[in-house]
Each structure stands twice: as C-alpha cells, then as structure tokens.
Amino acid sequence: MMKKTLLGLSAAALIAGQAAAAPQAASAEASAHITAAAALPAVSAVAAPEIAASAYLVKDLQSGQILAGKNINTQVEPASLTKLMTAYLTFKALDNGTLKPDQMLTVSSQGWRAEGSRMFLDPKKPASVSDLIKGLIVQSGNDAAITLAEAIGGSEEGFAAMMDAEAKRLGMTHTHYTNSTGLPGDGHLTTVNDLAVLAGAIIRDFPKYYPIYSMKSFKYNNIEQPNRNLLLYRDSSIDGLKTGHTSSAGYNLVASSKRNGRRVVSVVVGTESTEARASESSKLLNWVLQSYDTPKLYDANQTISQVKVYKGSANAVGVGFLNAAYVTIPHGEGQNIKPVLETVQPVLAPIQKGQVLGKLRIMNGSTILAEKNVVALNAVDEAGWFGRAYDSIVLWFKSLFSDE
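Bear in mind the structure is a predicted one, so any value in this text is a computation, not a measurement.

Colleague: Tell me about the overall build of the protein, and name the residues and values.
Modeller: Helix and strand counts for the protein stand at 10 helices and 20 strands. Residue pairs at least 24 apart in sequence account for 68% of intrachain contacts in the protein once pairs closer than 6 positions are excluded. A total accessible area of about 17,300 Å² is found for the protein, and carbon and sulfur atoms account for 52% of it.

Right under this line is the structure:
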C-alpha cells in the first residue's frame, strides 16, 4: 500500500468550501458516499446529545457519514417504517410502467380487513394509484399498502419477496420483510442503519415523488387525516419521511431536513410517544446542522493524483471521484483536516474507468474521520507485447528489493 498526503488540498480550501459546498440538485445529495471508517467519528469536541430511544442514528447524506448513533446494526421492528420500502417499489413500478398514476385498483378482502391505520378504502369503489400512494405515505394506510403490494407482486407474500430482493440490492444487510405494512410478523426486522440507507435511496432515486412525504394532510373518502410526522408542522426544513408505531416496536420516526443545501437524515426507534420521537429526532438533526460542516473536497472527475500504471498503453492514470466528493467535519476544524491517499501497488493494465484503485482517508490528527474509495477517471488499455514484457522485468527487479 502506497500512502500519499495530498498537500494540494489545503486547510484553507476546506474552510472556504464550508460556505459554498452544498449541491443544489437532488441527485447530488447522495452521490458521494464517504463512509466513516469506524461508523462514528471520535471527535470529543462535538458531544452528541442524549437521545431517549432504543436505537438511533443521524447521517449526512452529502458525505454519507454517520455522525452519531446507538445500536445502529441491531435488528428492530420497523412498524410502519416498512412502508418506506413499499413506497420505493411502488415508485419503481411507476417508473418502469408496471403501474400508472391514474390506474384504478380495488382493495381485496385482506386489505380491507387489515388492522391498524387505514385510508378507509371502499371495496365497492376503486382508488387511483396516485391516491393510494398518498394514502400509504401521508395516512400510513395498511389497506393502501396491501392494495399496492398485491398489484405489484401478485400477492403480499410475493411482494415481500420483492422487498427483500430490493433491500439486498440497496445494501440493507440486516433487513427482512414478511409484509408490506409493518404489522408485527415473525422475522420482520430491520436496523436504523438500513432505514437510513433506504431513506437516502428514496430521496436520491425518486426526487419527483419525494414531495409527497411533506404533505401535511390528505383527504380520501371524505375523511381527512393529518400526517403523523409532527416535525412537518414545527420546522420548515423538514420535508419527510415516515412515522411508525406498534405496541411492541414503540414510536419510530425517520426524518429528513434540508437546510442551506445540506441534507441530513435521522432515524429513531423505540421512543415512548409521538412527542418523544419528534423531539429526539429534532435534537439529532439540529445538533448535526449546527455542529458540523460539509465542504466539498473535489469536483466530479477532478484528478486528485496520478497513479503509476504497469503494462499499460499509458504510464499513469488519474484517480479521483466520478461524483463530487464531500466530507462532514466538526465546525471550525477545517485547519486540522488532512487528506491521505492510499493506493495498492502495483497497478496493472487493463484498467476500467471507475475501477477502485485506492482510498482517500480524511484525518484529524490520528483519527480517521472518513474514508472513500478513489477510482480511475479513465480507462487504460494493455500495452503491446514489448511494453508488457519490459514492465514484467521492471516489476521482477522491484520485487527483489521489496521489504517482503
């Protein structure tokens, strides 16, 4: 492993970036995932607030960093947070044409008899997919969830299998679904870390549908119901996402705040009341937004270093990030941050664009705040026979004098 301190990225650049780093496009908010090496940065100067929840986390979606958390990979009951995945698959069905917004669906007997919250579907009156989505998200209707699940998956069981497959694709490694509603089921479990991944995917992948999550009420069948996310009424920066509650799961909330261009998501589960889940979420979001900055490190496709290439048509390849890269750091700590590039040697052609060639670590003294894979910014083909043979000899000689 070759290490290189990137002196070109000065502290001044980081400090300046804190004021002008925020991307405006929704797709950019989650594009550059710098993941914290140890999940939680050990910065004693920014103490996290006490959170009364069985599990929680708060994450900056621009950098992908988790700034605080408890039991982030412990499996918990999601309750109606399950409907985040039900909605994700519904949005996907709309985009691929499986469903149409004006398509009319009739609730089945299973959906009509479902326990818990509902949008009060009438089995004698079909509802549009558009209304069902609002009933799912705003009213948390179990009848809406089952109706959409049966339309997309053929049955709720079939839809649950699709939910598991999508969770695996998104990297939700500790999640298993048995239904579309979140009603208690054997093995129906997730984690706050996985829920944050899913929330970020909704915001990133479906910006045209995401505004539904900020609707404060929805009226169907002459019954108007308010959105149960209390933060929508208290903080103009909050624009989602979902509440959940069962007697066994407690009161849960996934909330998202966009303030000054920054997007931060909190997940709290197992709180004691509707008020507690709102207040604890608000504490996390405000703490991150006030205590941390998220400057841009590099632009998309910006070459941050050249890496030596052997047996290639070119002697070196530029490395960097295909999307703009951001890092979340404690407010006022920009002058103490040092980026260190590590690449695995030797790098042999052929090289594909986007191929991982090392990692960039963001250091605060000896503490790793974050790390992100760096990739080849362009492809490098193999050299001809003579070039490959020559570099083989060079590598052989280098191996003779290596430390190993």
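Colleague: Outline the side chain of Asp293, listing residues and values.
Modeller: Relative to the helices and strands, Asp293 resides in strand β11 (residues 292-293). Summary of buried charges: Asp293 has no salt-bridge partner, and the nearest side chain of opposite charge, Arg262, is 4.9 Å away. Within the structure, the side chain of Asp293 is placed 2.7 Å from the side chain of His331, a separation counted as a polar contact.

Colleague: Hey, could you go over the packing of helix α2 (residues 83-96) against helix α5 (residues 142-153) for me, with residue numbers and the actual values?
Modeller: The geometry of α2 relative to α5 is characterised by a closest axis approach of 10 Å and an angle of 45° between their N-to-C directions. Classified by the angle their axes make, α2 and α5 are oblique. The two elements α2 and α5 cross, and the hand of that crossing is left-handed. Together, Lys83, Thr86, Leu89, Thr90 and Ala93 of α2 and Asn142, Ala145, Leu148 and Ile152 of α5 make up the contact between the two elements.

Colleague: Tell me about the pattern of salt bridges, and name the residues and values.
Modeller: Enumeration over the complete set of coordinates arrives at 13 salt bridges. The partner of Lys208 in a salt bridge is Asp95, and the shortest N-O contact between them spans 3.4 Å. You can see Lys208 sitting in the loop between α7 (192-205) and β6 (217-220) and its partner Asp95 sitting in helix α2, a full 113 residues away along the chain.

Colleague: Could you give me a rundown of a nonpolar patch on the surface, with the residues and numbers involved?
Modeller: A surface patch of nonpolar side chains, amounting to about 440 Å² of accessible area, comprises Ile393, Trp396, Phe397 and Leu400. With respect to the helices, strands and loops of the structure, Phe397 is situated in helix α10 (residues 385-400).

Colleague: Can you lay out unusual backbone geometry for me, pointing to particular residues and giving the numbers?
Modeller: Cis geometry is adopted by the peptide bond preceding Leu241, which originates at Gly240 and carries an omega value of 10°. Along the chain, the position of Leu241 falls in strand β8 (residues 238-246). Here Ala349 and Pro350 are connected by a cis peptide whose omega angle stands at 5°. With respect to the helices and strands, Pro350 occurs in the loop between β18 (347-348) and β19 (356-364). In this structure, Ala79 is a non-glycine residue whose phi angle is positive, near 55°. By secondary structure assignment, the location of Ala79 is in the loop between β3 (65-70) and α2. Residue classification places Ala79 among the buried residues on the basis of a relative accessible area of 1%.

Definitions and cut-offs
Residues numbered from 1 in each chain as written. Predicted model: local features only at pLDDT ≥ 70, side-chain atom pairs only at ≥ 80, totals over all residues. Heavy atoms only, no water. Helix = DSSP H or I, 4+ residues; strand = E, 2+ residues; numbered from the N terminus. Contact = heavy atoms within 4.5 Å. Areas by Shrake-Rupley, 256 points an atom, 1.4 Å probe, with all protein chains shown as cover. Buried < 20%, exposed > 50% of the residue type's maximum accessible area, 1.4 Å probe, protein only. Lys, Arg positive; Asp, Glu negative; His and termini not counted. Salt bridge = Lys/Arg side-chain N within 4 Å of Asp/Glu carboxyl O. Polar contact = N/O pair within 3.5 Å; in protein donor to acceptor, adjacent residues only side chain to side chain. Axes fitted to C-alpha atoms, helices over the stretch in contact; angles between N-to-C directions. Parallel < 35°, antiparallel > 145°, perpendicular 65-115°, else oblique. Left-handed = near helix turned anticlockwise from the far one by under 90°. Patch = residues over 30% accessible without salt bridge, like charges linked within 9 Å, V, L, I, M, F, W, Y side chains within 5 Å.

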